[in-house]
Amino acid sequence: MSRIQERFAALARDGRKALVPYITAGDPHPGQTVALMHDLVGAGADIIELGVPFSDPMADGPVIQAACERALVHNTSLQDVLGMVSEFRQRDQQTPVVLMGYQNPIEVMGTSQFALQARQSQVDGVLTVDLPFEQAGEALDIYQRHSLDTIFLIAPTTSPARIKKICEKSSGLIYYVSLRGVTGAGHLDVSEVKSRVNEIKQHSVLPVGVGFGVKDAESARDIASVADAVIVGSALIRQIAAHVTHHETLRKNIMALLAGMRKAMDNGPRKPEVPDMRA
Amino acid sequence: MARNAPDIPLQKIYTQLPDGNGMFGEFGGRYVAETLIEPLDQLEEAYRQFKNDPEFLAEFEADLKHYVGRPSPLYYAQRLSRKHAGAQIYLKREDLNHTGAHKINNTVGQALLAKRMGKTRIIAETGAGQHGVASATVAARLGLECVVYMGEEDMRRQAPNVYRMRLLGAEVVPVRSGSRTLKDALNEALRDWVTHVDSTFYIIGTVAGPHPYPTLVRDFQTVIGREAKNQLHELAGCLPDALVACVGGGSNAIGLFHPFLDDAHVRMYGIEAGGLGVETHKHSAPLNTGKPGVLHGNRTYLMEDENGQITETHSISAGLDYPGVGPEHAWLKDVGRVCYESVTDEQALTAFHEVTRVEGIIPALESSHAIAYALQLTAKMSPEQTIIVNLSGRGDKDIDTVAEIEGIEL
Ligand SMILES: Cc1ncc(COP(=O)(O)O)c(C=O)c1O
């Protein structure tokens, strides 16, 4: 069983949902990333999504773009990010780590070389934002051979036929993008998310995570009521951006935000279900 | 071009691509976030439908004639040819199009497509501002809302075009991320599109981006080469010996080249911006110095550092200041059909002055790169040979830049 599977199995036994924070590696400084990862786990993270900085993150909003720019001031490379995961593993063998980024840095390293080193660093999954499954053929084989879970996005615009195909190529979990737009944008429509998650679940037994638009404890709780995992990125990174030079404040605020989400997800009062009038 | 240069293999067909996945060999494709796949499928389907629809084609043709002012002349540059005592030089006068560059051919086509698809809002990215102006122009004409993304640095360099777009009713959004130039404007436009896919049509300004854009833009621009072929036949009764065009993203170049690709004896030269020199890293010449990678939705040659981060580019001309290049050019380079060279800022500037003084035509700084190379090429050719240079745009937009470099205050 992969680390991601094990984590979801354990959560299912406890009747809990996964909390998945995203941070960009190297932001605000490469020397702080591993400590931040441990902090995230301390505040209730079940899986960590670690962003690999890229100069042109076209699917991300201004918040994550700025995070990439801060990380790139220190030349944080894919190689560096793999080193951070290795270092994280010295103290944490349990928490799954997913690398999320863009294709070009991986190609420059070479997909096979990357997969090999990712496995050695005990990375658990790879999500390449700009690599739809049609273009992923060879990379998919390589990742599978190195026991790396291949995680794909499903969007509100994804057709039913594509959903089925994406489910076939996915392992570990499926990431549903809850709104049209880039990371950090907009408002959530929970009932729409719910029906899409159910649609995905008709094609796959994998857990479904929902991200883009989770801002606070309340939205985390709402999403947890309809999905298996709640993915939160820009809201955390806003805290990093606001306290770039105050490391202790940054840590405290991030942990507080995440802990609030954890609490709301685990035992917050659920709103009564609104019957779906369209049905 | 030496007359005894080896011939390009005959009978090879270069005009059958892309394949069904939008690939030109290993280049092109669709490297985008999942949210954009469906809108790209819709665009591809709409284009497939309309490109063979006689009504659509007739409307496109009528717009090119009555609104753009086509055909653009193929002008024999007699004094320039004599001065250099080499081949006969013909200039394809895209500078005489409405809005002053080849960019309008493409925006007229894409705007017609947008209208047929029922879109109410146009977005575009722009570097020099020429594509932004061309997009704002067609949006005004069709009564569509228009938002143009432009790097802050480019807005400074091309201030008159910013004002022109605003006069036309477009909103110009300054892009402050990254290097604040064309590549960042493209990122921003893609983000806008992801967020407003239902209402919005994204008019990409060059043969880059995800499939089907490189094909679509090429097809709208090939009017340049088709006209030039007929015009040279009428004027001189022959095919050209060489074609020269500047390459930023590569739309004016592919527009000229494509109708000649299967004419084995026509040599083609795509000229990238050599900036301060390709050895200095301050240039925009990915085909000359870069490696294949993935940016802005396609696989192509890129300027990147050892970690795969896209590097900042430099060119005297905002329209060539881009770290990638259209995937079809990447393929044409690798198969050896087109030769990609570069000229420096300084060489382009010299050519800018020369054409202005000798022919009474002020060329865009982008086009000046092509002219500079053509003048090197002609020295190795003979008077019975002919060169067509794509004069992709007029230089009025650049006079501030040129004056500033030469220390003249306007
Ligand atoms: C006059 C002119 N020529 C050339 C270019 C470069 O674009 P492309 O390589 O797509 O023709 C531009 C771009 O703005 C331009 O304005």
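Residues numbered from 1 in each chain as written. Chains lettered and ligands numbered in written order. Predicted model: local features only at pLDDT ≥ 70, side-chain atom pairs only at ≥ 80, totals over all residues. Heavy atoms only, no water.

**Student:** What should I look at first to understand the overall build of chain A in this one?
**Tutor:** Along chain A, the regular secondary structure elements total 12 helices and 9 strands. Over its C-alpha trace chain A gives a radius of gyration of 17 Å, about what one expects of a compact globule, namely 19 Å for 279 residues. Reported as C-alpha extents along the three principal axes, the dimensions of chain A are approximately 50 × 45 × 35 Å. Out of the 279 residues in chain A, the part that is buried amounts to 60%. Considering only residue pairs separated by 6 or more positions, chain A has 73% of its internal contacts joining residues 24 or more positions apart. Counting 28 positive and 31 negative side-chain charges, chain A places the centres of these two groups 5 Å from one another. (Helix = DSSP H or I, 4+ residues; strand = E, 2+ residues; numbered from the N terminus. Rg over C-alpha atoms; globule rule 2.2 N^0.38 Å. Buried < 20%, exposed > 50% of the residue type's maximum accessible area, 1.4 Å probe, protein only. Contact = heavy atoms within 4.5 Å. Lys, Arg positive; Asp, Glu negative; His and termini not counted. Charge placed at Lys NZ, Arg CZ, Asp CG, Glu CD.)

**Student:** Any chance you could explain the nonpolar core here in plain terms?
**Tutor:** The nonpolar side chains of soluble globular proteins are, as a tendency, buried together. Counting residues in hydrophobic clusters, the biggest one holds 118 residues, and the most contacted among them are A:Tyr175, B:Tyr202 and B:Leu256. Looking at this core element by element, the count peaks at 7 residues for helix α8 (residues 182–195) of chain B. Contact partners of A:Tyr175, with chain neighbours within four places excluded, come to A:Glu49, A:Met100, A:Leu127, A:Ile151, A:Phe152, A:Leu153, A:Ile154, A:Gly209, A:Gly211, A:Phe212 and A:Ile231. A:Val97, A:Ile154, A:Leu236 and A:Ile254 belong to the second-largest nonpolar core, a separate cluster that totals 66 residues. (Core = buried A, V, L, I, M, F, W, Y, C linked by side-chain atoms within 4.5 Å.)

**Student:** Explain unusual backbone geometry here, please?
**Tutor:** Negative phi is the rule for most residues except glycine; trans is the rule for most peptide bonds. Look at the link from B:Leu17 to B:Pro18: it is a cis peptide, with omega at 10°. With an omega of 0°, the peptide bond between B:Arg70 and B:Pro71 qualifies as cis. Its identity is not glycine, yet A:Ser147 carries a phi of approximately 55°, on the positive side.

**Student:** Would you explain the packing of aromatic side chains in this entry?
**Tutor:** Given two aromatic rings, their pairing is described by the distance between the two centres and the angle made by the two planes. This structure, assessed with the given rule, holds 12 aromatic pairs over all chains. With 6.0 Å between their ring centres and 80° between their planes, A:Phe114 and A:Tyr143 make a pair best called edge-to-face. Separated by 29 residues along the polypeptide, A:Phe114 in helix α6 (residues 111–120) and A:Tyr143 in helix α7 (residues 133–145) bring together distant segments of the chain. Residue class for A:Phe114 comes out buried when judged on its relative accessible area of 1%. Ring centres of B:Tyr202 and B:Tyr213 lie 6.0 Å apart, and the angle between their planes is 55°; this geometry places the pair in the tilted category. (Phe/Tyr/Trp six-rings, centres within 6.5 Å; stacked < 30°, edge-to-face > 60°.)

**Student:** Just to check I follow, could you spell out the layout of surface pockets for this structure?
**Tutor:** Where empty space is left can be seen by rolling a probe of water-molecule size over the atoms. Residue and element names in this part refer to chain B. Of the volumes computed, that of the second largest pocket is approximately 420 Å³. When residues of the lining of the second largest pocket are assigned to their parent elements, the largest contribution, 4 residues, is made by helix α16 (residues 399–405). Residue composition of the lining of the second largest pocket, by class: 4 nonpolar, 7 polar and 8 charged. (1 Å grid on protein atoms, 1.4 Å probe; cavity = no way out; pocket = protein on both sides within 12 Å on 5 of 7 lines; lining within 4 Å. Points joined across faces, edges and corners; volume = space filled by probe spheres on them. Nonpolar A, V, L, I, M, F, W, Y, C, P; charged D, E, K, R; others polar.)

**Student:** How should the site of the ligand be read in this particular structure?
**Tutor:** All names here are of chain B. In the neighbourhood of the ligand, 18 residues make up the surrounding shell, with Thr206, Gly248, Gly250, Ser251 and Ser392 lying closest. Taking Gly250, its main chain carries an N or O atom lying 2.7 Å from an oxygen atom of the ligand. For the ligand, an oxygen atom lies 2.7 Å from a polar atom in the side chain of Ser251. In isolation the ligand offers 390 Å² of accessible surface; the protein chains occlude 97% of this area. Among the detected pockets, the ligand sits in the largest cavity. Residue composition of the shell around the ligand, grouped by class: 5 nonpolar, 11 polar and 2 charged. (Near = heavy atom within 4 Å. Polar contact = N/O pair within 3.5 Å; in protein donor to acceptor, adjacent residues only side chain to side chain. Areas by Shrake-Rupley, 256 points an atom, 1.4 Å probe, with all protein chains shown as cover. Sits in = over half its atoms within 2 Å of the grid points.)

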